[in-house]
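Report on the structure
One-letter residues, chain by chain:
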Amino acid sequence: MNKITIIGHFGGGTNRLDGQTIKTKTLFSNLKQYTNWKIYIVDTYYLKNNPLRLILESAKYLIISKNIIVMLSVNGMRFYFPILYVLAKLFRKNVYHDVIGGNLAKYAREFKGFKKYLASFRYNWVETESIQNELISLGLTNCIVVPNFKNIVPLETSELVDHEGETFHFCTFSRVMKEKGIEDAVEAVNAINEKAGKVICLLDVFGEIDSGYKDRFLSLMSKQINAQYCGTVPFDHSIEAICGYDALLFPSYWKGEGFPGTFIDALSSGVPIIASDWNFNKEIVKDGITGLIYPGKYVENLKDAIRWLMDNREKLREMKRNCLGEAKYYNASTQIQRIIEMIEQT
């Protein structure tokens, strides 16, 4: 039986809903479902909360496992990469680096030894072709594109929720922080309604509030009549939460943005995405097909994109259908088989 260790953020038993934790749990659950491998987990949640436990579990499972999958933030990389390099070089362990976020090339340029560590791994699984190309330009050729994926069954076309009535309903569905453009979304919706002289669009905000942003955000929302906070949603109930919306707004300018898992939620729900032209968004959201990409991080451009979609209802219906077709590529059953094959070939 293949023995494999996954090192990643499992949340330590807490109900964490951030993208890193969801991605880590999704990979684990699918490997359990589709293989008979013995899978051990090392939860990096304990790096700060119980470092002794983390060190002991790491030592135990890395010794007995031939194959190791790591899914790490930058702090986790700096802690584990030197260890994994030794294991790969001296003990012939197969290390598979499932990359979180979009800054790996930046780290490879900035941190001493990172290129050497990454080159020693069997594969670096990156989420987009742009990230792959950045790493190849640094001489790292062991990079393969494996997009983000989720255990979501997309809606059928017959289940699509078409726009009805005069008022349009929009949502955000991500971690709630200023850099995710939450305030821009609120401002854009307010500006559209103000210009119309009546309420023609509303915004619902979903997601876990970043601890450092909570006071500011709740103060902002307490003053709104066109926007409201709707709390968190279990990661396996995303379709039920957002399928009735006309579009998902994603005005992010967060520096760590990679492949947002919320895009998969929206595509699977038949909800077009209005996203900023930031990092790799335009590689995932097909402009004019599954959503709209607007330039820069300017509220005026976001407002224009929202207004355009509201004025083109037939195009909105077409985008909804396109989203469902695109979603199939990001289903877990499609991507997990590629991962299994890569591991079994070693």
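That block above? That's the structure.
Residues numbered from 1 in each chain as written. Predicted model: local features only at pLDDT ≥ 70, side-chain atom pairs only at ≥ 80, totals over all residues. Heavy atoms only, no water.

A large share of helix 11 (residues 261-269) lies buried, amounting to nine of its nine residues. Turning to helix 11, its buried residues are Gly261, Thr262, Phe263, Ile264, Asp265, Ala266, Leu267, Ser268 and Ser269. Along its buried surface, helix 11 packs onto strand 7 (168-173), helix 10 (238-242), strand 10 (247-250), strand 11 (273-276), helix 12 (281-284) and helix 14 (313-327). Remark: Gly270 follows helix 11 within two positions and exhibits a positive phi of approximately 70 degrees. (Buried < 20%, exposed > 50% of the residue type's maximum accessible area, 1.4 Å probe, protein only. Helix = DSSP H or I, 4+ residues; strand = E, 2+ residues; numbered from the N terminus. Contact = heavy atoms within 4.5 Å.)

The subject of this paragraph is the nonpolar core. With 34 residues, the main nonpolar core has Ile7, Phe81, Leu84 and Leu135 as its most contacted residues. Elements supplying a minimum of two residues to this core: strand 2 (38-43), helix 3 (51-64), strand 3 (67-71), helix 4 (74-90), helix 5 (104-110), helix 6 (114-120), helix 7 (129-137) and strand 6 (143-145). Here the element with the most residues in this core is helix 4; it accounts for six residues. Look past the residues within four positions of Leu84 in its chain and what remains in contact with it is Ile68, Val70, Val95 and Phe121. One finds Ala188, Val189, Ile192 and Leu309 within the second-largest nonpolar core, a separate group that totals 31 residues. (Core = buried A, V, L, I, M, F, W, Y, C linked by side-chain atoms within 4.5 Å.)

Summarising burial for strand 1 (residues 3-8): five of the six residues are buried, a large majority. Bridge count between strand 1 and strand 2: six bridges; the pairing is parallel. Residue pairing for strand 2: Ile7 is matched across the bridge by Val42. (Pairing = 2+ DSSP bridges.)

Backbone geometry places Arg92, a non-glycine residue, at a positive phi of 55 degrees. Considering the arrangement of structural elements, one finds Arg92 in the loop between helix 4 and strand 4 (94-98). Positive phi values are uncommon outside glycine, yet Asn279 reaches one of about 50 degrees. Relative to the helices and strands, Asn279 is located in the loop between strand 11 and helix 12. Judged by relative accessible area, Asn279 falls into the partly exposed class, the value being 32%.

Applying the stated rule across the entire model yields 21 aromatic pairs. For the ring pair Phe10 and Phe28, a centre distance of 5.8 Å and an interplane angle of 85 degrees mean the geometry is edge-to-face. Here Phe28 lies in helix 1 (residues 19-34) and Phe10 lies in the loop between strand 1 and helix 1, a separation of 18 residues in the sequence. You can call Phe10 buried: its relative accessible area is 8%. Using a relative accessible area of 23% as the deciding quantity, one classes Phe28 as partly exposed. Grouping aromatic residues by their ring pairs yields a cluster made of Phe81, Tyr85, Tyr107, Phe111, Phe114, Tyr117 and Phe121. Between Arg53 and the ring centre of Tyr46, over which it is positioned, the NZ or CZ distance is 4.0 Å. (Phe/Tyr/Trp six-rings, centres within 6.5 Å; stacked < 30°, edge-to-face > 60°. Lys NZ or Arg CZ within 6 Å of the ring centre and 35° of its normal.)

A separate point is the side chain of Asp184. As for its placement among the helices and strands, Asp184 is situated in helix 8 (residues 182-196). No salt bridge is formed by the buried Asp184; the nearest opposite charge belongs to Lys178, separated by 6.2 Å. With residues up to four places along the chain from it excluded, the contact list for Asp184 reads Pro251, Tyr253, Lys297, Val299 and Leu302. (Lys, Arg positive; Asp, Glu negative; His and termini not counted. Salt bridge = Lys/Arg side-chain N within 4 Å of Asp/Glu carboxyl O.)

We now examine the sheet that holds strand 2. In space, the six strands of this open sheet follow the order 2-1-3-4-5-6, with parallel pairing throughout. Of all the strands in the sheet, the pair left with one neighbour each is strand 2 and strand 6. Here the strands of the sheet are splayed against their neighbours by 20 degrees on average, with no regard to which way each runs. Sheet topology places strand 5 (residues 123-126) next to strand 6; three bridges connect them, and they run parallel. Looking across to strand 6, one finds that Asn124 is bridged to Cys143. Against the sheet, helix 15 (residues 332-344) engages strand 1, strand 3, strand 4, strand 5 and strand 6, with an angle of about 175 degrees to strand 5. (Axes fitted to C-alpha atoms, helices over the stretch in contact; angles between N-to-C directions.)

By themselves these figures say nothing about function.
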